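Descriptive structure summary
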Amino acid sequence: MQYIGRFAPSPTGPLHFGSLLAALASYVDARAHQGRWLVRIEDLDPPREQPGASRQILASLEAFGFEWDGEVRFQSQRHPAYRDALQRLLAQRHAYYCDCSRKQLLERTGSSRYDGYCLLNPPLSESSCAIRAHCEAGEIHFEDSIQGPRRYRLDDCSGDFVIRRRDGLYAYQLAVVVDDADQGITHIVRGSDLLDETPRQIQLQRYLGFAEPRYSHIPVAAAPDGQKLSKQTFAAPLDNKQPLPALIQALEFLGQAPDASLHDGTPGELLSWAVVHWQPARIAPTLSKPAPLD
Ligand code: GLU
């Protein structure tokens, strides 16, 4: 089976050290397995996007020496595929319309966890409704190649999750599963902040008859206060003029030990070294690690 990996950033801002880790680990793992590596821009949520961010992200990837295969895919161009998947889920009763507002839910249950009300009491009209996937009873387990075996229960209606929002936007969970399957992704390497999203994605893959990719969740880089580095916590954008120091720090964060002679090379040389010397077993099996200090 040919290995196909991917990096799937959301264009909510420029790349930062945390996103570099996901790009680097997914790229090097793919190339070390003679695999393909695809880039997919997850531009599903225009209100959260920053103008120009997609262009900036691709420019950073190039400056950092990453070479992707094929055309970059944009999720904004993929709405018909998401609509088809939704229709299938609705027709098979794996999904249902829901018009509960957060406020109603809170008043009814005292919590924001969904109680399955609309599964039993379908809304009279489907307009301005969200669509939720209904979770099957039972356990979902998978073996993460870094974090080890993971077991989850998504059942009891509280697990029913939104796959199309009330405002008509498709949710990440649906789009990611549809595109990973359509692009034939076999291996997903990404940050551990998405580890607990994985069982929902597996649930959708089962409903839609898609193959389950192999998952590897790398530790996320934590800011000194323990928070994940993210655009929201104002992690500094990558400096495209100086890719080498950040690439070296990122490889070290992933437990790899680039030798000093590489410090004067090009990003492409460093990446080639990383592919040849890749030791995924040296990635710490933890959910987060302190980010390197500058
Ligand atoms: N677009 C998601 C993000 O930037 C990542 C999706 C994924 O790797 O599954 O957080």
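Okay, so let's go over this structure. Keep in mind the model is a prediction, meaning the values are calculated, not measured.

Relative to each other, helix α3 (residues 79-91) and helix α6 (residues 172-182) sit at 105 degrees, their axes nearing to 10 Å. Overall, the two elements α3 and α6 adopt an arrangement that is roughly perpendicular. Contact residues: A81, Y82, A85, L86 and L89 in α3; L174, A175, V178 and D179 in α6. Grouping the constituent residues of the contact of α3 with α6 by class yields 8 nonpolar, no polar and 1 charged.

We now examine the site of the ligand. Near the ligand, the surroundings consist of R6, A8, P9, S10, E42, Y172, V176, R190 and L194. Here the ligand loses 80% of its free accessible area of 300 Å² to cover by the protein chains. A class-by-class count of the residues in the shell around the ligand yields 5 nonpolar, 1 polar and 3 charged.

The next point concerns the packing of helix α1 (residues 17-32) against helix α9 (residues 267-276). Interaxial distance between α1 and α9 falls to 8 Å at its minimum, and their mutual angle equals 60 degrees. The pairing of α1 with α9 is recorded here as oblique in orientation. Classified by chirality, the crossing of α9 by α1 is right-handed. In contact with L24, Y27, V28, R31 and A32 of α1, α9 contributes L271, A274 and V275. For the contact of α1 with α9, the class distribution of residues is 7 nonpolar, no polar and 1 charged.

On any regular strand, side chains alternate: one points to one face of the sheet, the next to the other face. Where burial is concerned, the two faces of strand β4 (residues 95-98) agree: the one with A95 and Y97 and the one with Y96 and C98 are both buried. Of the pairings in the sheet, the one linking β4 to strand β5 (residues 130-133) comprises 4 bridges and is antiparallel in character. Within β5, the residue paired with Y97 across the bridge is I131.

A few words now on unusual backbone geometry. Positive phi, normally seen in glycine, also occurs at R93, with a value near 60 degrees. Note on placement: R93 falls in the loop between α3 and β4. R93 sits in the exposed class, given a relative accessible area of 72%. Positive phi, close to 45 degrees, is recorded for S128, a residue that is not glycine. Within the fold, S128 resides in the loop between α5 (117-120) and β5. On the accessibility criterion, S128 (52% relative accessible area) is exposed.

This part takes up the sheet that holds strand β8 (residues 161-164). Ordered in space as β4-β5-β8, the 3 strands form an open sheet in which the pairing is antiparallel. The sheet is open, and its two borders are formed by β4 and β8, each paired with just one other strand. Pairwise comparison of adjacent strand axes, ignoring direction, gives a mean angle of 45 degrees for this sheet.

We now examine the pairing of strand β10 (residues 214-218). Burial runs high along β10: 4 of the 5 residues are buried. As defined by bridge partners, strand β9 (residues 187-191) adjoins β10 across 5 bridges and the pair is classed as parallel. Looking across to β10, one finds that I188 is bridged to Y215. Taken together, β9, helix α7 (residues 198-208) and β10 form a β-α-β motif whose crossover is right-handed.

For the rest of this paragraph, the subject is the pattern of salt bridges. Pairs can form between side chains of opposite charge once their charged atoms are near each other. Across all of its chains, the model carries 15 salt bridges by this definition. In this structure, D182 engages R73 in a salt bridge whose closest nitrogen and oxygen atoms are separated by 2.7 Å. Linking D182 in helix α6 with R73 in strand β3 (residues 73-74), this pair joins segments that are 109 residues apart in sequence. Under the relative-accessibility criterion, R73 is labelled buried at 18%. Of the charged contacts, one joins R165 and D167 as a salt bridge, the two residues approaching to 2.7 Å between their closest N and O atoms. For R165, a relative accessible area of 28% puts it in the partly exposed group. A single salt-bridge network, built from bridges that share partners, covers R6, R40, E42 and D180.

This brings us to the sheet that holds β3. Strand order in the open sheet formed by 3 strands is β1-β2-β3, and the pairing between neighbours is parallel. Looking at which strands have only one partner, the edges of the open sheet turn out to be β1 (4-7) and β3. Note: strand β2 (residues 36-41) against β3, 2 bridges, orientation parallel. Bridging across to β3, I41 finds its partner in F74.

Rules of the game
- Within each chain, residues carry numbers counting from 1 in the order of the written sequence.
- Given that this is a predicted model, residues contribute local features only at a pLDDT of at least 70 and side-chain atom pairs are listed and counted only at 80 or more, while totals for whole chains, interfaces and linings are drawn from all residues.
- Side-chain measures here rest on the full set of heavy atoms in the structure, leaving out hydrogens and waters.
- Every axis in this analysis is a line fitted to C-alpha atoms, fitted for helices over the stretch in contact. Angles between the N-to-C directions lie between 0 and 180 degrees.
- By definition, any uninterrupted DSSP run of H or I lasting at least four residues is a helix, any uninterrupted run of E lasting at least two residues is a strand, and each is numbered from the N terminus.
- Relative orientations are named as follows: roughly parallel for angles under 35 degrees, roughly antiparallel for angles over 145 degrees, roughly perpendicular for angles from 65 to 115 degrees, and oblique for any other angle.
- Residues count as neighbours in contact if any of their non-hydrogen atoms are within 4.5 Å of one another.
- The residue classification treats Ala, Val, Leu, Ile, Met, Phe, Trp, Tyr, Cys and Pro as nonpolar and Asp, Glu, Lys and Arg as charged. All others, Gly included, are polar.
- Only a single heavy atom is needed: when it lies within 4 Å of a molecule or strand, its residue is near that molecule or strand.
- Areas reported as accessible are Shrake-Rupley estimates using a 1.4 Å probe. Residue values count occlusion only from the protein chains shown.
- Each crossing gets its handedness from the near helix: less than a right angle anticlockwise from the far helix is left-handed, clockwise is right-handed.
- Per-residue accessibility, obtained with a 1.4 Å probe over protein chains only, is compared with the maximum for each type, and a residue is labelled buried under 20%, exposed over 50%, and partly exposed between these values.
- In this scheme, strands are said to pair when DSSP sees at least two bridges between them.
- Place the viewer so that the strands point away; then a crossover is right-handed whenever the path from the first strand over the helix to the second strand goes clockwise.
- A carboxyl oxygen of Asp or Glu within 4 Å of a side-chain nitrogen of Lys or Arg is what we treat as a salt bridge.

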